[in-house]
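# Coordinate inspection notes
Single-letter residue listing:
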Amino acid sequence: MTSVRVLLVHNYYRSELIGGEDVVFRAELDALKEVLGDVNVHAYTKSNDHINGLTLFLNLFFSISTFYSVFTLVRSKRVNVVHVHNFFPMISPSVFLAAKLAGAKVVMTLHNYRWWCIAGTFFENSTGICEHCRSKIFTLRSITKRCYRGSVVQSMVASIAFALYRATRIIKLVDIFFVLTQFQQRKISDLGVPRHKIRLKPNFVEVLEAEEGVEKGQTVIYVGRLEHSKGVVKMLDAWRDSNIPFKLEIVGAGPLEDALKARYRLTNVDFLGKKSRSETLRYIAKAKYLLQPSIWYETFGLTIIEAMALGTPVVGFDIGTRSELVIDGYNGFLTDEAQLGSTLKDAMVRADYETLRGNAREFSRQFRKRAIIEQQTAIYREITADVGGRP
């Protein structure tokens, strides 16, 4: 059997913006070390914490430091799989060329859609779902709409960078793309990625299940960034306009935080700010429902599965991947903007609530660490079999 030696690669976001991708990367790195052993699992990372104009210029289009480091690591550690989570902006696509020239197979997890949309979300604040740029090498729209971090300058830099990446077709160096849901699998195929290069491999969750009999409050909790694509404005409009009588707890921060606090001065809405992971999980475990109002094509929904593992059913908008995770009437409820208020009011008085909780826990078990990591290492072995385990 081929011995798998893997190099995980990730460009961390700023520490104050840490999100799902960073959490998944760290958890996956630790899990792979448990299964394959420390000697067979390595990591190459960069961070945006100390980014400046010079470092960005030196790394954005083709990072020589990444190329040299990854090439050297693959050769010296006899790595046969280079698995990339995020390469933008400091690692750059030079990681793909270095891996291939050194003889490794290349895997990439698609946590977002940035190859085809510089925002990574197929979402534009003023219009909602937007796929205008999906088949174009370069467009001015992504700049005039400030699609990258709300900045004209940053959007221009990102648009030029990805135009170069697309023009050079460096994406073809990726052997396998991991997608996280069936919806994303269909979307990526529709975007032109060959079907034989796509593998469905969801993220795993690793949380302690809430104790049986935990006291559930009459609260709904939202956990996530406070930005337009997350649907927080629609969520708060529903709380204000539908006279929802129970409490909404909001855990998270983001660019809309101050504006939302000023606009929605509601006695039954608590802005709790950012919390540690352990604190957040405790809030989720005590809530009656988790609300997931995101209005873009989320690639997965880690918080959804974490909530279910803790026995907290989920209410969410029926968009994108949501229907694969939230089964209406089984482990939560699917709704839309117009019906959110009435859906929540009905959900809070369901006679079968304990059944929903049990179903949620049962559904979450398919995403446990052991099963997902076994699936992942099996794919590694499959793609390295033709090189005999040697770079």
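Report follows, based on the coordinates. On a predicted model such as this, the values are computed, not experimentally measured, just so you know. (Residues numbered from 1 in each chain as written. Predicted model: local features only at pLDDT ≥ 70, side-chain atom pairs only at ≥ 80, totals over all residues. Heavy atoms only, no water.)

## What to know about the overall build of the protein chain
- The helix and strand tally for the protein chain stands at 15 helices and 14 strands.
- The C-alpha radius of gyration of the protein chain comes to 21 Å, within 12% of the 21 Å expected for a compact globule of 391 residues.
- Its C-alpha atoms give the protein chain principal-axis dimensions of about 60 × 50 × 35 Å.
- Counting every position in the protein chain, which comprises 391 residues, the buried fraction comes to 55%.
- Taking the intrachain contacts of the protein chain between residues at least 6 apart in sequence as the baseline, contacts between residues at least 24 apart amount to 72%.
- Summed over all atoms, the accessible surface of the protein chain reaches about 17000 Å², with 53% contributed by carbon and sulfur.
- The averaged location of the 39 negative side-chain charges in the protein chain is 7 Å from the averaged location of its 52 positive side-chain charges. (Helix = DSSP H or I, 4+ residues; strand = E, 2+ residues; numbered from the N terminus. Rg over C-alpha atoms; globule rule 2.2 N^0.38 Å. Buried < 20%, exposed > 50% of the residue type's maximum accessible area, 1.4 Å probe, protein only. Contact = heavy atoms within 4.5 Å. Areas by Shrake-Rupley, 256 points an atom, 1.4 Å probe, with all protein chains shown as cover. Lys, Arg positive; Asp, Glu negative; His and termini not counted. Charge placed at Lys NZ, Arg CZ, Asp CG, Glu CD.)

## What to know about the sheet that holds strand β12 (residues 289-292)
- Within the open sheet, the six strands sit side by side as β11-β10-β9-β12-β13-β14. Their pairing is parallel. Only two strands of the sheet have a single neighbouring strand rather than two, namely β11 (269-273) and β14 (332-335). Averaged over all neighbouring strand pairs, the angle between strand axes comes to 20 degrees, with direction disregarded.
- Two strands pair when backbone bridges link them, and strand β13 (residues 314-317) and β14 are joined in this way by four bridges, in the parallel orientation. Bridge pairing in β14 links Phe317 to Thr335. (Pairing = 2+ DSSP bridges. Axes fitted to C-alpha atoms, helices over the stretch in contact; angles between N-to-C directions.)

## Points about the environment of Gly128
- Structurally, Gly128 is set in strand β6 (residues 128-129).
- Taking the C-alpha atoms as reference points, Gly128 and Ser229, 101 residues apart in sequence, are found 7.7 Å from one another.
- If near-sequence neighbours (up to four positions away) are discounted, Gly128 is found in contact with Phe122 and Phe123.

## Here we look at the pairing of strand β9 (residues 219-223)
- For β9, the tally of buried residues reaches four of five residues, placing the bulk of the element in the interior.
- Read from β9 through helix α8 (residues 232-241) to strand β10 (residues 247-251), the crossover connection turns out right-handed.
- Bridge count between β9 and β12: two bridges; the pairing is parallel. Directly across from Val220, in β12, lies its bridge partner Tyr289. (Right-handed = clockwise from strand over helix to strand, strands pointing away.)

## Points about the packing of aromatic side chains
- According to the stated counting rule, one finds 19 aromatic pairs in the structure shown.
- Between Phe96 and Trp115 the ring centres are 6.2 Å apart and the planes differ by 35 degrees, which places this aromatic pair in the tilted class. One end of the pair, Phe96, is in helix α4 (residues 94-102); the other, Trp115, is in the loop between β4 (105-109) and β5 (123-124), and 19 residues separate them in sequence.
- Note on Phe96: relative accessible area 0%, which makes it buried.
- Judged by its relative accessible area of 5%, Trp115 is buried.
- With a centroid separation of 6.3 Å and an interplanar angle of 90 degrees, the aromatic rings of Trp115 and Phe162 are classed as edge-to-face. (Phe/Tyr/Trp six-rings, centres within 6.5 Å; stacked < 30°, edge-to-face > 60°.)

## A word on the side chain of Asn112
- Among the structural elements, Asn112 can be located in the loop between β4 and β5.
- There is a polar contact of 3.1 Å between the side chain of Asn112 and the side chain of Glu21.
- Among all residues touching Asn112, those that are not within four sequence positions of it are Tyr13, Glu21, Gly120, Gln184 and Thr299. (Polar contact = N/O pair within 3.5 Å; in protein donor to acceptor, adjacent residues only side chain to side chain.)

## So, the pairing of β10
- Counting buried residues along β10, four of its five residues qualify, which places the element largely inside the surrounding structure.
- In this structure, β9 lies alongside β10, joined through five bridges in parallel fashion. The partner of Val223 across the bridge, within β10, is Val251.
- Bridge count for β10 against β11 is four bridges, and the pairing is parallel. The residue bridging Leu248 from the neighbouring strand is Val269, located in β11.
- In the classification by handedness, the crossover that spans β10, the intervening helix α9 (residues 257-263) and the parallel β11 is right-handed.

## Points about helix α11 (residues 302-309)
- Most of α11 is tucked away: seven of the eight residues are buried.
- In this structure, the buried residues of α11 make contact with α1 (20-36), α10 (277-286), β12, β13, α12 (322-325) and α14 (353-364).
- Once α11 finishes, Gly311 follows within two positions and takes phi at roughly 75 degrees, a positive value.

## Some thoughts on the state of the cysteines
- Evaluated as defined, the whole model comprises zero disulfides.
- In this structure Cys117 is not part of a disulfide, and its nearest cysteine sulfur, from Cys147, lies 6.4 Å away.
- Cys133 forms no disulfide, and the closest cysteine sulfur to it belongs to Cys130, at a distance of 6.1 Å. (Disulfide = S-S within 2.5 Å.)

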